[in-house]
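Residues per chain, in single letters:
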Amino acid sequence: MVERAWRALVLLVLWRLGGLRRQRSHASEDDDPTQRTTGAPVWAERLVLVLLAATAAAALGFVSLFVLDPDTQLLGLALGATLALLAAALVVCSRWLVPQETKAERRPGLADADAVKEVEHAAGEGLEGITRRRLLMGAAGAAGAGVAAAVAIPVVALGPGLEDQLRRTPWHAGRALVDDEGAPILAAAVNEGSFITAFAQHADKDDLGSPVVVVRVDRSTLRLPSQRAGWAPEGLLAYSKICTHAACAISLYRSPLSPSTQARAPALVCPCHYSTFDVLNGGGVEFGPAGRPLPQLPLSIDAAGVLRAAGPMSGPVGPSWWGDGS
Amino acid sequence: MSLLPRSHTRDPLAFVDERLGAARGLRFLIDYVFPDHWSFLLGEIALYSFVVLVASGTFLALFFDPSTTQLTYHGGYAPLQGQAMSAAYASTLHISFAVSGGLLARQVHHWTALVFIAAITLHLLRIVFTGAFRKPRDVNYFIGVTMLALAILEGFAGYSLPDDLLSGMGLAIAWAVAMSLPLIGGPFATALWGGRFPGADAFESRLYIAHVFLLPALLAALIAVHLAIIMIQRHSQFAGPGRREDNVVGTPMWPGYALRSLGLFAAVAAVLVLMGGLIQVNPVWLWGPYHPYVGTNGAQPDWYLGWLIGALRLMPNLEIHVLGHTIVPNPFFGGVLFPSIVFALLYALPWLDRRFISKDYRRHDLLQRPRDNPRRTALAASVFAAVAVVFAAGSVDRLFFQFGFGYEGAIWFFRGAFLLAPALVYWLTRRLCIELARNDAHPLRRWDGVVVARNERGGFEELAASRAGGVSSSGARSSANRRGVRRPLRRRARRCG
C-alpha cells in the first residue's frame with residue numbers, strides 16, 4: 001500500500017517535471033517572445049470592485065480610529081489592512097484585468113565613437129584663438145582651489161585644539177568619592193563582593209573622567225605593582241568606570257563566590273565587547289579587545305572614614321587615540 | 001481626426017504636451033519593458049521602503065526635539081516620573097505615549113529602516129551572484145554600494161537620536177572608533193563631538209541635521225541617478241527564449257508593470273505598517289535615559305551593525321604602542337579596518353572580476369546564474385561567509401543568555417570560524433556550482449549521451465564525445481549551448497525512455 005502510494009507520488013513528480021519541461025521547451029522554440037492576450041474575466045472585475053470598496057472602507061476605519069481612539073495596534077491593523085487590500089486590488093488588476101503583454105524592446109547601444117570624436121572636436125573649438133591657454137588654465141585652477149578652500153574652511157569652526165580635554169580628569173589628591181546623589185562614600189559601606197559607582201565630588205557626573213567603580217577584595221590576594229603599594233587601603237580599589245576599549249561603562253563585576261570558581265580572580269567586565277580587567281593586579285586586560293589596563297585611582301581613607309583620592313588617575317581615561325601618552 | 005485644436009479642458013494630456021512636449025516621454029515610459037524575475041523586486045522593495053521612511057520620518061520630525069538640554073520628566077509614563085533626562089529623550093517618550101499615531105509612526109520608521117537595509121543587502125547579493133555589476137552596469141553598481149554605506153550611516157544616526165541608554169552606548173562606541181582613526185583620530189573625534197564624549201550639546205544637532213537632511217538628501221539624489229542610469233541602459237535579464245544581449249523582453253510599463261509595481265509598493269507599505277502596529281521595536285522607555293556611567297548587559301544594536309560589533313568583539317587585544325604612545329588603538333581594527341576592507345572589496349569587484357576572475361572586458365546585458373561562473377560565485381560566497389561569521393559573533397553574548405554557551409569559548413570558536421569558513425565555503429560553493437551545471441541537462445537522470453548537430457545533408461554529427469568532455473573543466477557553459485544544442489538530444493532521450 002505504502003509502496004503503491006510512493007510509486008504514485010514519484011510518477012506524479014515525474015509527470016509534473018515532464019510537463020514543466022515540455023512547456024519550457026515549447027516556448028523556446030518560438031524565438032519571438034512577443035505575445036498579447038486580452039479579455040478580462042467577469043470574476044476579476046468583480047473582485048477588483050470588492051477589493052477597492054474594502055480599501056475605501058478600511059481607510060475610513062483608519063481615519064475614524066485616528067480621531068476617536070488612536071490605539072497603536074488598531075491603527076496599525078487598519079492602515080495595514082487598507083494598504084494590503086489596495087495591494088491585492090492592484091495585483092488582481094495587473095494579473096487578470098488588463099491585457100497580458102510580453103514585449104521585446106531593442107536595447108540601445110551605448111557607445112558611439114563618432115559622437116565622442118565630435119564632442120572632442122567641439123570642445124577643442126571652444127578654445128580656438130586663445131593664445132595663453134596654459135596660463136589661463138593655471139589661473140582658473142588657482143581660483144577653483146581658492147574657492148574650494150574658502151568653502152571648506154568653516155569646518156575648522158568645529159574644533160580648535162580640544163585634545164587637552166581628552167586627558168583631563170577631575171581627580172586629585174584629597175578629592176572625596178561621592179555617590180549618585182552627591183553623598184560621600186564611607187569605606188565601611190563597601191563590602192567584599194559589592195560593586196559601587198562613585199564620582200568626584202562637585203564634578204560633572206557625565207564627564208568621562210569622573211565615574212569610578214569601587215570594590216573591596218581580600219588584601220592578601222592583591223598583586224598590585226610595587227609602586228602602587230599604598231593605593232588600596234583595607235583592600236579597597238577604585239578604577240575608572242569607562243572602558244579603555246570603546247568608552248562604554250564597565251557595569252559587570254565578576255566576583256567568584258564558590259570555591260569551584262575562585263580559581264578566577266575578581267574582574268571588571270564591560271558589557272559592550274566584554275573586555276575583562278583583572279581587579280587584583282591593577283586593572284590588567286585578562287580577556288577581550290581592550291588594549292590598555294583600566295586606569296586606577298589611588299585611594300585613602302580620611303579620619304571620618306570617607307573615601308578620598310590619594311592622587312590622580314594612573315593613566316588617560318577611556319579609549320586610546322593616536323599619540324596619546326599612555 | 002479633427003482639424004480643430006484639442007481643448008485642454010477636455011484633454012489634460014494635450015494641455016501638458018503643448019507646454020512641455022511630454023507625450024513623447026510618456027510614450028517611451030509606456031513602452032518601457034521590465035524583464036520578469038522575482039529577484040528584481042529586491043531593489044524595488046528598498047526603493048519603496050525609502051518612501052515609507054521619508055513619510056514616517058517627516059511625521060516624527062514634527063514632534064522630535066533634537067536637544068540634550070536636561071529637564072525633569074513629567075509626562076504620562078509613570079516609571080520615569082521625576083527623572084532627569086534630555087529633551088530629545090523626553091520628546092521621544094512624548095511621541096510614543098502622547099502623540100496620536102506617534103508610536104505607530106516611530107515603530108513603522110524603525111522597522112522600515114531595518115527592512116530598507118536588508119532589501120539593499122539582498123539586492124547587492126543578487127547583483128554580485130548574477131554578474132549584474134559587469135560593464136556597463138559597473139557605474140550603477142558603485143552608486144548602489146555607496147548607497148548601502150550611506151544607509152548604514154543613516155540608520156545609525158537615527159538610532160542614536162533619541163538619547164536613550166542603548167543609543168548612548170552605541171555613540172560611545174562610535175566615538176571610540178572615530179578616536180581610533182590613524183593620525184587624526186583624537187582631533188577629529190573631539191571636533192565632531194564638540195569635545196570629549198558625550199560632547200557638546202551641539203552634537204545632537206549635528207546628528208539630527210545629518211539624519212534628516214544631509215544623508216537622506218544624498219540618498220534621494222543617488223536613488224534618482226541609480227534609476228536614471230537603469231533607464232538609459234535598460235534592465236539586465238536572464239537568458240531565456242527570445243532573450244538576447246541586444247533586446248529586453250518582459251512586461252511593458254503600462255498597464256501590466258505599473259499596476260504590479262504599485263501593488264508591490266502597497267504590499268511593502270502594508271507589511272511595514274502591520275509590523276509597526278503589531279510588533280514592538282526599540283521600546284526606549286524601558287532602556288531609560290543615557291549617561292556615560294551607565295550600561296546594560298546583553299544589548300544588541302540594529303542588525304545592520306551586527307557585523308561591526310562582531311568585529312570589535314572578535315579582535316584580540318592588540319593595540320600598537322611606540323615609546324609609550326598609542327599608534328593604532330584597538331577599535332581601529334574592528335571598527336575601521338574591517339568594514340573598509342569589505343567595502344573596498346565591494347568597490348573593487350567589477351575590476352577584480354574582469355581582470356582576474358572572469359577575464360572578460362566585454363559589455364554584458366544577459367545575467368549569469370550563480371552556477372555559470374563557479375569561481376566568482378565561490379569567491380563571493382566565501383567573502384560573505386567571512387562577514388556572516390563576524391555578524392554572528394556580534395551576538396555571542398545572546399548565545400550565552402539563550403543557550404548558556406560560555407562567552408570566551410564562543411569567541412575563540414568564532415575566531416577560528418572566521419579563518420576557516422571562507423575556505424570551506426569556497427570549496428563547497430564551487431563544487432555545488434559545478435554539480436548543478438553538470439546536472440542542468442536533466443534533474444533526475446544524469447545525461448550520458450552525446451551532443452549532436454544537424455548537418456547539411458540532413459544527418460547528425462557528433463560535437464562532443466562524452467558527458468565529462470561536454471562540460472568544460474570550470475563547469476561554465478554558455479546558455480546558448482545549454483538551450484540550443486542540447487535540446488534535441490533531451491527530447492530524443494525522453495522518446496526513447
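Only a predicted model underlies this, so the values are computations on that prediction, with no experimental measurement involved. (Residues numbered from 1 in each chain as written. Chains lettered and ligands numbered in written order. Predicted model: local features only at pLDDT ≥ 70, side-chain atom pairs only at ≥ 80, totals over all residues. Heavy atoms only, no water.)

## With respect to the overall build of chain A
What chain A contains, in helices and strands, is six helices and 13 strands. Here chain A has a C-alpha radius of gyration of 38 Å; the compact-globule value for 326 residues is 20 Å, and the former is much larger. Its C-alpha atoms give chain A principal-axis dimensions of about 100 × 95 × 55 Å. Counted over contacts in chain A with a minimum sequence separation of 6, partners at least 24 positions apart contribute 56%. Total accessible area on chain A is roughly 17900 Å²; 62% of this is exposed by carbon and sulfur atoms. (Helix = DSSP H or I, 4+ residues; strand = E, 2+ residues; numbered from the N terminus. Rg over C-alpha atoms; globule rule 2.2 N^0.38 Å. Contact = heavy atoms within 4.5 Å. Areas by Shrake-Rupley, 256 points an atom, 1.4 Å probe, with all protein chains shown as cover.)

## Describing the nonpolar core
Within the largest apolar cluster, 139 residues are counted, with the highest numbers of intra-cluster contacts made by Leu-177, Val-214, Leu-297 and Leu-307 of chain A together with Phe-116, Tyr-141 and Trp-175 of chain B. Here the element with the most residues in this core is helix α5 (residues 102-129) of chain B; it accounts for twelve residues. In terms of nonpolar packing, the next biggest core, distinct from the first, is built from 14 residues, Leu-104, Leu-264, Ala-270 and Leu-272 of chain B among them. (Core = buried A, V, L, I, M, F, W, Y, C linked by side-chain atoms within 4.5 Å. Buried < 20%, exposed > 50% of the residue type's maximum accessible area, 1.4 Å probe, protein only.)

## Description of the layout of surface pockets
Residue and element names in this part refer to chain B. What the largest pocket holds in volume is close to 1300 Å³. Surrounding the largest pocket, 45 residues form its lining, Leu-153, Phe-156, Ala-174, Val-177 and Leu-308 being those nearest its centre. Among the elements of the structure, α6 (138-160), α7 (165-179), α8 (185-193), α9 (202-233), α12 (306-314) and α13 (331-357) are those that each provide at least two residues to the lining of the largest pocket. A per-element tally of the lining of the largest pocket places α7 first, with eight residues. (1 Å grid on protein atoms, 1.4 Å probe; cavity = no way out; pocket = protein on both sides within 12 Å on 5 of 7 lines; lining within 4 Å. Points joined across faces, edges and corners; volume = space filled by probe spheres on them.)

## What to know about the interface of chain A and chain B
On the side of chain B, 100 residues touch chain A, which itself brings 85 residues to the contact. When chain A packs against chain B, the two sides together hide about 7600 Å² of surface, and 62% of this comes from carbon and sulfur. Taken as a group, Glu-105, Arg-107 and Trp-322 of chain A account for 13% of the area that chain A buries against chain B, more than any other trio of residues on that side. Our enumeration of links across chain A and chain B arrives at five salt bridges. In this structure, the salt-bridge partner of Asp-31 of chain B is Lys-103 of chain A, at a minimum N-O distance of 3.2 Å. Here chain A and chain B share 27 residue pairs in polar contact (both at pLDDT 80 or more) between them. Secondary-structure elements contributing two or more residues to the side of chain A that touches chain B are α1 (2-29), α2 (42-68), α3 (72-97), β2 (100-106), α6 (163-167), β7 (252-254) and β10 (285-287) of chain A. For the side of chain A that touches chain B, the element with the most residues is α3 of chain A, which contributes 15 residues. Tallied by class, residues from the side of chain A that touches chain B come to 44 nonpolar, 21 polar and 20 charged. One ladder, built from four bridges, connects β2 of chain A with strand β5 (residues 247-252) of chain B; its direction is antiparallel. The residue bridging Lys-103 of chain A from the neighbouring strand is Gly-250 of chain B, located in β5 of chain B. (Buried area = accessible area lost by both parts, 1.4 Å probe. Salt bridge = Lys/Arg side-chain N within 4 Å of Asp/Glu carboxyl O. Polar contact = N/O pair within 3.5 Å; in protein donor to acceptor, adjacent residues only side chain to side chain. Nonpolar A, V, L, I, M, F, W, Y, C, P; charged D, E, K, R; others polar. Pairing = 2+ DSSP bridges.)

## A word on the sheet that holds strand β9 (residues 276-278) of chain A
Residue and element names in this part refer to chain A. Strand order in the open sheet formed by four strands is β7-β8-β9-β10, and the pairing between neighbours is antiparallel. Since the sheet does not close on itself, it has two edges, and those belong to β7 and β10, each with one partner. Across the sheet, the axes of successive neighbouring strands diverge by a mean angle of 35°, strand direction being ignored. Two elements, strand β8 (residues 267-269) and β9, share three bridges in a ladder whose sense is antiparallel. Of the residues in β9, the one forming a bridge with Val-269 is Thr-276. (Axes fitted to C-alpha atoms, helices over the stretch in contact; angles between N-to-C directions.)

## A look at the confidence of the model for chain B
All names here are of chain B. When pLDDT is averaged across chain B, the result is 89; 89% of the residues are at 70 or more. When the criterion is pLDDT under 50, residues 465-497 qualifies, and its contacts beyond four places in sequence or with other chains add up to 44 contacts. With a pTM of 0.88, the predicted complex shows an ipTM of 0.87. (pLDDT = per-residue confidence, 0-100.)

## Structural notes on α5 of chain B
Residue and element names in this part refer to chain B. In a regular helix each residue adds 1.5 Å, so 28 residues correspond to 40 Å; α5 covers 40 Å between its end C-alpha atoms and thus fits that length. For α5, the tally of buried residues reaches 22 of 28 residues, placing the bulk of the element in the interior. Positive phi shows up at Gly-131, right after α5, with a value of about 70°. (Expected span 1.5 Å × (residues − 1).)

## Things to note about the pattern of salt bridges
Tallying each qualifying case throughout the model produces 25 salt bridges over all chains. The shortest N-O distance in the salt bridge between Arg-260 of chain B and Asp-36 of chain B comes to 3.1 Å. Residue Arg-260 of chain B is found in helix α10 (residues 253-278), and its partner Asp-36 of chain B is found in the loop between β1 (33-34) and α3 (41-61); the two are separated by 224 residues along the sequence. Residue classification places Asp-36 of chain B among the partly exposed positions, given a relative accessible area of 35%. One network of salt bridges, in which partners are shared, links Arg-36, Glu-101 and Lys-103 of chain A together with Arg-27 and Asp-31 of chain B.

## Some details on empty space enclosed by the protein
All names here are of chain B. Tallying each qualifying case throughout the model produces three cavities of 30 Å³ or more. One number sums up the size of the largest cavity: a volume of about 70 Å³. Residue lining of the largest cavity: Phe-133, Arg-134, Lys-135, Pro-350, Asp-353, Arg-354, Asp-360, Tyr-361, Arg-362 and His-364, and that is the complete set.

## Some points on the packing of α6 of chain B against α7 of chain B
Residues and elements named next belong to chain B. One way to put it is that α6 packs onto α7 with a least axis distance of 8 Å and a crossing angle of 130°. Judged by the inter-axis angle, α6 sits oblique to α7. On the side of α6, the interface is formed by Phe-156, Tyr-159 and Ser-160, while α7 contributes Leu-166, Ser-167, Gly-170, Leu-171 and Ala-174. Its residues assigned to classes, the contact of α6 with α7 comprises five nonpolar, three polar and no charged. (Parallel < 35°, antiparallel > 145°, perpendicular 65-115°, else oblique.)

## Observations regarding the state of the cysteines
Residues and elements named next belong to chain A. One pass over the structure, following the stated rule, counts one disulfide over all chains. Disulfide pairing places Cys-248 opposite Cys-272 at an S-S distance of 2.1 Å. Handedness of the Cys-248-Cys-272 disulfide follows from its S-S torsion of about -80°: it is left-handed. Of this pair, Cys-248 sits in the loop between β6 (236-240) and β7 while Cys-272 sits in the loop between β8 and β9; the two residues are 24 residues apart in sequence, bridging distant segments of the chain. Among the residues examined, Cys-248 registers a relative accessible area of 2% and is labelled buried. Look at Cys-272 and you get buried, because its relative accessible area is 5%. Free of any disulfide, Cys-243 has its nearest neighbouring cysteine sulfur in Cys-270, separated by 4.0 Å. (Disulfide = S-S within 2.5 Å.)

## Topic: the sheet that holds β2 of chain A
Taken in spatial order, the four strands of this open sheet run β1(A)-β2(A)-β5(B)-β1(B), and their pairing is antiparallel. Edge positions in the open sheet fall to β1 (35-37) of chain A together with β1 of chain B, since each of these has one partner strand only. Bridge count for β1 of chain B against β5 of chain B is two bridges, and the pairing is antiparallel. Within β5 of chain B, the position partnered with Phe-34 of chain B by the bridge is Thr-251 of chain B. Most of the contacts of α10 of chain B go to β5 of chain B, to which it runs at about 70°, and overall it touches β2 of chain A together with β1 and β5 of chain B.

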